[in-house]
Amino acid sequence: MKKIAYLFSICLGLVFLFPNIGRARQAGKGKVTIVRLNSHVRVKFGAEKLAGALRAKGYEVSLLTQGRAPLTGRTILVGVYGEKWLWHSADINHIWLNKPKKEGFSISSGKTTSVVAGADASGTLYGCMEIIERLNQAGTLPASLTLTDQPEMVLRGTCIGLQKPVYLPGRGVYEYPYTPATFPWFYDKALWIKYLDMMVENRYNSLYLWNGHPFASLVRLKDYPYAVEVDEATFKKNEEIFRFLTREADKRGIWVIQMFYNIIVSKPFAEKNNLKTQDRNRPIVPLIADYTRKSIAAFVEKYPNVGLMVALGEAMEGVGNDDIEWFTKTIIPGVKDGLKALGKTDEPPIVLRAHDTDAPAVMKAALPLYKNLYTEAKFNGEALTTYEPRGPWADLHRTLSRIGTVQIENVHILANLEPFRYGSADFIQRSVKAMHSVYEANGLHLYPQSSYWDWPYTADNVPGRILQVDRDWMWYKTWGRYAWNAQRDRVGEIAYWSDQLGARYGCEPAKGRLILDAYEEAGEISPKLLRRYGITDGNRQTLTLGMLMTQLISPNKFGLFPLLYNSEAPEGEMIIEYAEKQWKKQPHVGETPVRVAAEVEAHGKKAIKAINDALPFVTRDKTEFERLRNDMYCQAALADFYAEKVRAALQVLRFKYSDDIADLEKAFPLLQKSVAHFRELTGLTEKTYLYANSMQTSQRKIPMRGVDGTYKEWREMLPVYEKELGNLRRNIDSLKNAKGAVTQSAVVAFKNATVTLTGAAGEKITLSTGERVFGDTAAVITGMVPELRGLAAVRTNAAKQEADGTIVNFTCTAPVKLLVGYFNTRDQRYLKAPRLENDANANEFGQDEIRIANALVISGLTPVNVHVFSVSAGTHSISLGRGRCLVLGFIPGTQAVKTYDAALTNERDVDWLFN
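Brief notes about the overall build of the chain
1) Next: A tally of regular secondary structure across the chain gives 26 helices and 25 strands.
2) Next: Its C-alpha radius of gyration of 31 Å places the chain within 12% of the 29 Å reference for a compact globule of 915 residues.
3) Next: Its C-alpha atoms give the chain principal-axis dimensions of about 105 × 65 × 50 Å.
4) Next: Put simply, 75% of the contacts in the chain that link residues at least 6 apart link residues at least 24 apart.
5) Next: Carbon and sulfur atoms form 52% of the exposed surface of the chain, whose accessible area is close to 35000 Å².

As structure tokens, then:
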């Protein structure tokens, strides 16, 4: 009886509240009443945004949370599906409400009344945003609207890096405290509102903040008060802005996720305890574990509504038990400690980044301890290359997806796209479909389209700079649209984007279609170039700066990353594979270098034609349109540069097999055309762009090492390519000279440097044929380059290297170079060569490069490649990590080490043609 009486009272209240509901009334023009009884911040925000949008279109709007609704005009009822007043109001007005799924909404209309019913508060907000979008498109409120919609992806997020293009003085990679001097934009509330509004308009529900060690900028620990990295005034600013950000994000249905690397500690903590801030190869230290656990606990206690994203790899040694132990014995207990301090049991979500860790093994160990876990992995590495992923990378993603938690796809860095604009709706829609159908994933984590390290600005050379959120509006809109629903009809999508672009540039949709065509033609160029010609999917390669001829014809010397070809590209052939098959008259398979060269040239020409056809009809934002138009010319010139250079490379590789100078003669004019196209690209970019790549550190390697911010512009690369062309001409002439062919420069023997070894490094030996390389195996040197002969090396114990790793402790009074041999194998017993794809410190000593390939042959083992660690005078402890390797000795820092393939495996080297 009490229940019946309660329902009766609700009905009476509704009749009192809405006396006009159910009456047939004439809609008064321009008058709209929005009724909201739910007090949730997201429902309130959605209703207020809707009211503001209506007022901006000239409507007279009343926003009611109680009292009597007017007798005239339109009424919009805004609430959550299960609310009784919403149901009764719909019933009285003969409106049927469909039940949406999580974050979804149902919009239904009667004669003068519309109902927005969200599955939850976020769904109600998105329902309001749907009406706003239609209002803005049509200019008027739809007379009637019936729609039920909900997202496909559980998590739809963007990210912002609290990082910089260069390292801070005295700090390593990822070490950027939150300060006004380093990140002035972080304290700009208006910028945050602008960005968050963009997110909610595109229905993103998560924002990732990337930083190496954010805790020392946001929390103070009782046991380690000295660990805070910022002064008191900055600390208070950080608290205030972080609370502001999370509060404003929550209004918009956005979950803030703070990312951090492991194991990184604050600089004051490291200095106080005589430690390094980061050391990938050190074991788990109890003091560091305690500090990290308490940092996480304090963060969870202080910011309970913020999620965490954990990168186990990169700053700590990758795959292994340390990852599992750190996650299950430090990170998860830290979160639980924070919850206990709050008196809460609801677990905040933790996202496990799969990069450089055995994520399936970590999850298997962690799920019994903590349930609210997600996984995340890169979609196409640190680039955008294909919507047809396959191979071992696809297997990993499916494995993560099938764990039973949500797998998030990370569109990461985009090193092959920057700095040009990208907006291929077709490529992006197909990519999101692949996330579902191939990877079986259900989340998106989106990086900025370019200039990640230079947030919030783009690389455009414009006074006052351009904000990424403004320039790259289409990037955010396309990914958000398809993360919500990727199964949209292609014909309808062409019409939608044609309308969007037409409105943006003040022309009819038919002309907007031309701009879309330009975006989509250009959008194929960089993905195809990298996946068929590149060295890596990582940000150590800047695709738009081109590639050296040696990188095209000898990719293995430059740390070729196999996933780029076996997983992040459709089936096809590399340049070196195509050349070998062509010489042997074998059939070709899939996407070939020659086919891609022709395709990217065609894409470039079509993009230029489409953008020029649209030009006469543009009436709005003409300055930005001209920048977009210039980008089309840039990408076409880039395509032409690569196409001609690849054709030249194939002729050079044919010479490798034929030894016929005529093949080189055919290569020269092709390379000449390639340089001409790059000269054109340099002219197009010289005054329009500040840089090609936003990461301006020595981690950049391809095409040239980016030391001290060098080789970040096209004008710096043009002389390099001109020199290549000149060298080829000279060497062709020398080959034709009657005196004989060009020979490689004479070998200069390495000298032993004066070094004092400390600790139990191993047994000293002199490198020579027949010498055993490990103390506990019979493997001996059967072949070696003459430079290494006579060097004072260190014979180690293979089993000890596998179990404990190799640490080389030494003192030197002058700069020296440590030579380390890495076996060319994927066998897990052997130490992996330094690689920036999974270790941000892999080039700390200039070691991330093969200097002499195939330099030693060991009985029963694979060939050995030599890497060089350049160190200054002083006392050093270089930890190489776990796995078998060779400590080949020390040479003076002034002695040059020529980069080449020693060809001890009988592979002919033609790189000298370009030296």
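Still more to cover.
Examining empty space enclosed by the protein
1) Next: What the rule picks out here adds up to twelve cavities of 30 Å³ or more.
2) Next: What the largest cavity holds in volume is close to 130 Å³.
3) Next: What lines the largest cavity is a set of 18 residues, among which Tyr 174, Glu 382, His 412, Trp 453 and Asn 539 lie closest to the centre.

Thoughts on the pattern of salt bridges
1) Next: What the rule picks out here adds up to 60 salt bridges.
2) Next: Across the pair Glu 382 and Lys 378 runs a salt bridge whose closest N-O atoms are separated by 2.9 Å. For the residue pair Glu 382 and Lys 378, the accessibility class agrees, reading buried in each case.
3) Next: With a shortest N-O distance of 2.6 Å, Glu 440 and Arg 402 are connected by a salt bridge. One end of the pair, Glu 440, is in the loop between α13 (425-437) and β14 (443-446); the other, Arg 402, is in the loop between α12 (391-401) and β13 (406-411), with 38 residues separating them in the sequence.
4) Next: A relative accessible area of 58% places Arg 402 in the exposed class.
5) Next: When salt bridges with common partners are traced through the structure, they connect Arg 421, Asp 460, Arg 471, Asp 472, Glu 624, Arg 627 and Asp 631 into a single cluster.

Some remarks on the packing of helix α23 (residues 622-658) against helix α24 (residues 661-685)
1) Next: For the pair α23 and α24, the least separation of the axes is 8 Å and the interaxial angle reads 160 degrees. When the interaxial angle is binned, α23 and α24 end up roughly antiparallel. Viewed along their axes, α23 and α24 form a crossing whose handedness is left-handed.
2) Next: Split into classes, the residues belonging to the contact of α23 with α24 amount to 16 nonpolar, six polar and nine charged.

Regarding the sheet that holds strand β2 (residues 60-64)
1) Next: Across the sheet, which stays open at both edges, the six strands sit in the order β2-β1-β3-β5-β4-β6 with mixed pairing between neighbours. Looking at which strands have only one partner, the edges of the open sheet turn out to be β2 and β6 (147-149). Across the sheet, the mean angle separating the axes of adjacent strands is 10 degrees when strand polarity is ignored.
2) Next: Bridge analysis of strand β1 (residues 31-36) against strand β3 (residues 74-80) gives five bridges, and the strand direction is parallel. Within β3, the residue paired with Arg 36 across the bridge is Val 78.
3) Next: Across the face of the sheet, helix α4 (residues 121-138) comes into contact with β3, β4 (105-109), β5 (113-118) and β6 while running at roughly 50 degrees to β4.

What about unusual backbone geometry?
1) Next: Cis rather than trans, the peptide bond between Trp 455 and Pro 456 has omega equal to 10 degrees.
2) Next: Inspection of the secondary structure assignment puts Pro 456 in the loop between β14 and α14 (468-471).
3) Next: Each neighbour pair has its own omega, and for Ile 702 with Pro 703 the value is 5 degrees, a cis peptide bond.
4) Next: Tracing the backbone shows Pro 703 in the loop between α24 and α25 (714-736).
5) Next: Residue Glu 103 is not a glycine yet carries a positive backbone phi of 65 degrees.
6) Next: Within the element layout of this structure, Glu 103 appears in the loop between α3 (84-92) and β4.
7) Next: Using a relative accessible area of 8% as the deciding quantity, one classes Glu 103 as buried.
8) Next: With phi around 60 degrees, Arg 203 is a residue other than glycine that occupies positive phi space.
9) Next: Considering the arrangement of structural elements, one finds Arg 203 in the loop between α5 (189-201) and β8 (206-210).
10) Next: For Arg 203, a relative accessible area of 6% translates into the label buried.

Topic: the nonpolar core
1) Next: Membership of the largest hydrophobic core comes to 142 residues, with the highest contact counts inside it found for Phe 186, Trp 192, Leu 207, Phe 327, Trp 475, Trp 479 and Ile 515.
2) Next: Not counting the four nearest positions on each side in its chain, Phe 327 is found in contact with Val 310, Leu 312, Ile 332, Pro 333, Ile 350, Leu 352, Val 362, Ala 366 and Leu 373.

Some remarks on the side chain of Glu 573
1) Next: Relative to the helices and strands, Glu 573 resides in the loop between α20 (563-566) and α21 (575-584).
2) Next: A polar side-chain atom of Glu 573 sits 2.7 Å from the main-chain amide nitrogen of Val 589.
3) Next: In this view, Glu 573 contacts Arg 532, Tyr 578, Lys 581, Pro 587, His 588, Val 589, Glu 591, Thr 592 and Pro 593; residues no more than four positions away in its chain are not counted.

Quick word on the pairing of strand β11 (residues 350-353)
1) Next: Across the two faces of β11 the burial is the same, with Ile 350 and Leu 352 and Val 351 and Arg 353 all buried.
2) Next: Sheet topology places strand β10 (residues 307-314) next to β11; four bridges connect them, and they run parallel. The residue bridging Val 310 from the neighbouring strand is Leu 352, located in β11.
3) Next: With four bridges joining them, β11 and strand β12 (residues 373-378) adopt parallel strand pairing. By the bridge assignment, Ile 350 is partnered in β12 with Leu 373.
4) Next: As a crossover connection, the stretch from β11 through helix α11 (residues 359-366) into β12 is right-handed.

Regarding helix α9 (residues 286-302)
1) Next: Here α9 contains 17 residues, and its C-alpha end-to-end distance of 24 Å stays within 8% of the 24 Å for a straight helix at 1.5 Å per residue.
2) Next: Among the residues of α9, Ile 288, Ala 289, Tyr 291, Thr 292, Ser 295, Ile 296, Ala 297, Ala 298, Phe 299 and Val 300 are the ones counted as buried.

Some remarks on the packing of helix α16 (residues 490-505) against helix α17 (residues 509-522)
1) Next: Contact pair α16 / α17: the axes reach a minimum separation of 7 Å and the direction vectors enclose 105 degrees. Taken together, α16 and α17 sit at an angle that is classed as roughly perpendicular. Contacts between α16 and α17 involve Arg 490, Ile 494, Trp 497, Ser 498, Asp 499, Leu 501, Gly 502 and Tyr 505 from the former and Pro 509, Gly 512, Arg 513, Ile 515, Leu 516, Tyr 519 and Glu 520 from the latter.
2) Next: Within the contact of α16 with α17, the residues separate by chemical class into eight nonpolar, three polar and four charged.

Overview of the side chain of Glu 644
1) Next: Relative to the helices and strands, Glu 644 resides in helix α23.
2) Next: Accessibility expressed as a relative area gives 10% for Glu 644, which makes it buried.
3) Next: Beyond its immediate chain neighbours, meaning those up to four positions away, Glu 644 contacts Glu 601, Leu 670, Lys 673, Ser 674 and His 677.

A look at helix α15 (residues 473-484)
Counting along an α-helix, one turn takes 3.6 residues, and residues three or four places apart therefore face a common direction.
1) Next: Between the first and last C-alpha of α15 there are 17 Å, a value that for twelve residues agrees with the 16 Å anticipated at 1.5 Å per step.
2) Next: Most of α15 is tucked away, with twelve of its twelve residues classed as buried.
3) Next: Along α15, the positions that sit buried rather than exposed are Trp 473, Met 474, Trp 475, Tyr 476, Lys 477, Thr 478, Trp 479, Gly 480, Arg 481, Tyr 482, Ala 483 and Trp 484.

A word on the sheet that holds β12
1) Next: Taking strand neighbours around the barrel as the criterion, the eight strands line up as β7-β8-β9-β10-β11-β12-β13-β14 in a closed arrangement whose pairing is parallel. Looking at each pair of strands side by side, their axes are set apart by 25 degrees on average, direction ignored.
2) Next: Sitting on the sheet, helix α10 (residues 321-342) touches β9 (255-262), β10, β11 and β12, and the angle it makes with β10 is about 160 degrees.
3) Next: Across the sheet, α12 is in contact with β12 and β13; its angle to β12 comes to roughly 170 degrees.

Topic: the confidence of the model for the chain
1) Next: Per-residue pLDDT for the chain averages 91, and the proportion of residues at 70 or more is 94%.
2) Next: Counting interchain partners and residues more than four positions distant, the pLDDT-below-50 stretch residues 1-29 has 43 contacts.
3) Next: Scored below 50 in pLDDT, residues 738-743 makes seven contacts in the model with residues more than four places away or belonging to other chains.

Here we look at the packing of aromatic side chains
1) Next: Within the structure shown, the criterion is met by 51 aromatic pairs.
2) Next: Ring geometry for Tyr 126 against Trp 484: centres 5.3 Å apart, planes inclined by 80 degrees, an arrangement best described as edge-to-face. In this pair, Tyr 126 is assigned in helix α4 and Trp 484 in helix α15, connecting sequence segments 358 residues apart. Of the two residues, Tyr 126 and Trp 484, both sit in the buried class.
3) Next: Above the ring of Phe 244, the side-chain terminus of Lys 189 is found at 5.0 Å from the ring centroid.
4) Next: For the cation-ring pair, Arg 430 lies above Tyr 387, with the distance from its terminal atom to the ring centre recorded as 5.2 Å.

Some thoughts on the environment of Tyr 224
1) Next: Structurally, the position occupied by Tyr 224 is in the loop between α6 (215-218) and α7 (232-251).
2) Next: Considered as a pair, Tyr 224 and Glu 508 are 284 residues apart in the sequence and their alpha carbons are 63 Å apart.
3) Next: Here Tyr 224 is in contact with Phe 269, Leu 287, Asp 290, Tyr 291 and Lys 294, once residues within four sequence places are set aside.

The rules behind the values
Residues numbered from 1 in each chain as written. Predicted model: local features only at pLDDT ≥ 70, side-chain atom pairs only at ≥ 80, totals over all residues. Heavy atoms only, no water. Helix = DSSP H or I, 4+ residues; strand = E, 2+ residues; numbered from the N terminus. Rg over C-alpha atoms; globule rule 2.2 N^0.38 Å. Contact = heavy atoms within 4.5 Å. Areas by Shrake-Rupley, 256 points an atom, 1.4 Å probe, with all protein chains shown as cover. 1 Å grid on protein atoms, 1.4 Å probe; cavity = no way out; pocket = protein on both sides within 12 Å on 5 of 7 lines; lining within 4 Å. Points joined across faces, edges and corners; volume = space filled by probe spheres on them. Salt bridge = Lys/Arg side-chain N within 4 Å of Asp/Glu carboxyl O. Buried < 20%, exposed > 50% of the residue type's maximum accessible area, 1.4 Å probe, protein only. Axes fitted to C-alpha atoms, helices over the stretch in contact; angles between N-to-C directions. Parallel < 35°, antiparallel > 145°, perpendicular 65-115°, else oblique. Left-handed = near helix turned anticlockwise from the far one by under 90°. Nonpolar A, V, L, I, M, F, W, Y, C, P; charged D, E, K, R; others polar. Pairing = 2+ DSSP bridges. Core = buried A, V, L, I, M, F, W, Y, C linked by side-chain atoms within 4.5 Å. Polar contact = N/O pair within 3.5 Å; in protein donor to acceptor, adjacent residues only side chain to side chain. Right-handed = clockwise from strand over helix to strand, strands pointing away. Expected span 1.5 Å × (residues − 1). pLDDT = per-residue confidence, 0-100. Phe/Tyr/Trp six-rings, centres within 6.5 Å; stacked < 30°, edge-to-face > 60°. Lys NZ or Arg CZ within 6 Å of the ring centre and 35° of its normal.

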